[in-house]
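Notes for the structure review
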Amino acid sequence: MPAKLLFFPPTFPDETLISRVSRYHLMSGNRTDQSTFIELFGRAGFGLGAVVPPHIGELALRLPGDLDTNVVAIHWESTLLPAFRPFLGRSSKSPSPPSDEAGEGAGVSHLPRHVVGMSGEAKLCLSCANDDEKLHGAGYWHRSHQIPGVTVCYKHQEALISSCPNCRYPFQHANRLLSVPWGSCYQCKQRLSKAGQGQTVSELEVAFARYAHDLLQENMASVPPDILMNTYREKIRQRGYVRKSQIDLKSFQEAMIRYLGEPFIRKVDPAFSLNRTSTWLRLSYLQSALDLPITRHLLMGMHLFGTASHFHIEVQAMQNAGHITLRKKATQSHASQNMLRDEFRQKITKELKKNPTLSMEKLWKKQVRTMAWLFEHDKTWLNNTVTAGVSRETDALASKIQAADALDREGARQIEEVSRKLFEQTGKPQRVTISKILTGLSKPVASTAGNRERYPLLFAALDLCKETAWCFSARRILWALGELDRFEETITIGNIVLRSAVGTRAVEEILQFCGWDGEKLSKTTINPKLLLAKAGITRTWRGPSENKLGEFAGRGYVSKGTRRKKWAI
């Protein structure tokens, strides 16, 4: 069994696996990429730019903790599997997956490696890299930028780049790690400019990138292909593309191409760019999965549903309905159809009397057979009857979501500002804690599980901006040195401990790690911000030797007896 790694950089929000491995390569000081591959995976270099890179189990085996838990975490946090997973559902008739696809891959037909015609590129947003460097201390590569078909950054609305702007040398090469944005280009040895590209991008490209990003964050489970196909069919049917009792897929395809425009679709879909459009949209099976590449799933989903959350709701509604497929029309007499029409109208009217705001989706859940018949034979009455309730519910839901999103974005911005002010306050240092940051917000938000789900950006920023005990101790030591000099006391470890209230062992570890000479520092003007930056200490610093000491105070404290038992194991 391979030895556990002494350290491996934790993932930044939306960071790819190749970005984490490349950061490890730079932090470890390895001379060659091959040394890093052998250290992490126990084998020579291979492609890490795949949708789901191979040999993740080898890396998970070398990380602390349970193997299966590590594999699931890497799949979910550092690969594109969450964006692909809804479209990889296995049919009930398909065979069980092989044993090496257990865990996160157990609910899907296969773990994807690449998309035909769209592989071998690493896409970067320069503005994101600049923002990440300010917020996290280092730029990195985002998963949402690597989704097939995405050509722009949804956040900054700038074109993504996949090669050096100076010499056009591609960022990604087979069996190699990435050198930018941390270092210089392999070829021309120049560092990337932090300024954006300034290229004009279309609104459709931004909308597609936003839909792809939201789908990645939606955390959808795998959807059986029959449910997915029926969800698409039902939405196409609602748009009116029906010929007799079947959907008119050809007419829908032509309308979708006209709406999105051929230039945009050519950028997104490789097959369309090669004029392979005869069966471009097809709702059929191939090896127990729906025969569509992810780019077409994303295009059709964006066109039919608008948002990833709406797509998720529609899929869940179809699943809750019991995997229903519409039955073929049976021949009925005119009299019997009138009787059925009156009976089904009464059922819908009764439901609407109980709750006038019922939407079409909720009526499908409550009265599936009734809604299916009315949709086929009495669609005008159904639409006119339900429209009022739908519009009211849609407006209320949209207003609620819009207010929550605005508070989420504004809260994340305020958290960064409040934490920065607390961190840069002069005088005796005060630790930047969650409670202090939340107190400084214009609108109080409690740290609860429900709020964390409701405001993901706010609490992600909160977790990144709070200060660790190690960083706070380093600031207290610098303050203590200045105080000892001001009161003309001797600079000793004991006096630093008394003045800073930091433990003796921690003071020694920090001074040794930072290379600080207490006697010399006390005779100069101490600039904590500059000294911490030179030592590589940020608010998320986990200490000089985390494996030995761990958290030495606060809620993260671990007793010495427990640590001894852990080391003995």
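Residues numbered from 1 in each chain as written. Predicted model: local features only at pLDDT ≥ 70, side-chain atom pairs only at ≥ 80, totals over all residues. Heavy atoms only, no water.

1. Looking at the overall build of the protein chain
Under the convention used in this document: Secondary structure is summarised from DSSP: a helix means a run of H or I of at least four residues, a strand means a run of E of at least two, and numbering begins at the N terminus for each. When a residue's accessible area, from a 1.4 Å probe over protein chains only, is under 20% of the maximum for its type it is buried; when over 50% it is exposed; and in between it is partly exposed. Throughout, a contact is declared for two residues whenever any of their heavy atoms are within 4.5 Å.
Assigned secondary structure in the protein chain consists of 28 helices and four strands. Burial analysis of the protein chain (569 residues in total) assigns 45% to the buried set. Taking contacts inside the protein chain between residues at least 6 apart in sequence as the whole, the part at least 24 apart equals 65%.

2. Brief notes about the pattern of salt bridges
Going by this rule: By salt bridge we mean one thing: a side-chain nitrogen of Lys or Arg within 4 Å of a carboxyl oxygen of Asp or Glu.
Within this structure, the stated rule accounts for 24 salt bridges. A salt bridge links D463 to R452; its shortest N-O distance comes to 3.2 Å. In this pair, D463 is assigned in helix α21 (residues 456–465) and R452 in helix α20 (residues 449–454), connecting sequence segments eleven residues apart. By relative accessible area, which is 34% here, D463 ends up partly exposed.

3. Digging into unusual backbone geometry
With an omega dihedral of 5 degrees, the bond running from V180 to P181 counts as a cis peptide bond. Tracing the backbone through its elements, the reader meets P181 in the loop between α7 (143–146) and α8 (203–218). The backbone of N275 sits at a positive phi, close to 65 degrees, despite the residue not being glycine. Note on placement: N275 falls in the loop between α12 (270–273) and β3 (285–286). With phi around 65 degrees, A501 is a residue other than glycine that occupies positive phi space. Secondary-structure assignment places A501 in the loop between α23 (493–500) and α24 (504–514). A relative accessible area of 63% means that A501 is categorised as exposed.

4. Details of helix α6 (residues 126–136)
All of the buried residues along α6 are L126, S127, C128, A129, D132 and H136. Looking at the buried residues of α6, the elements they touch are α7 and α21. Just past α6, the residue G137 takes up positive phi, approximately 90 degrees.

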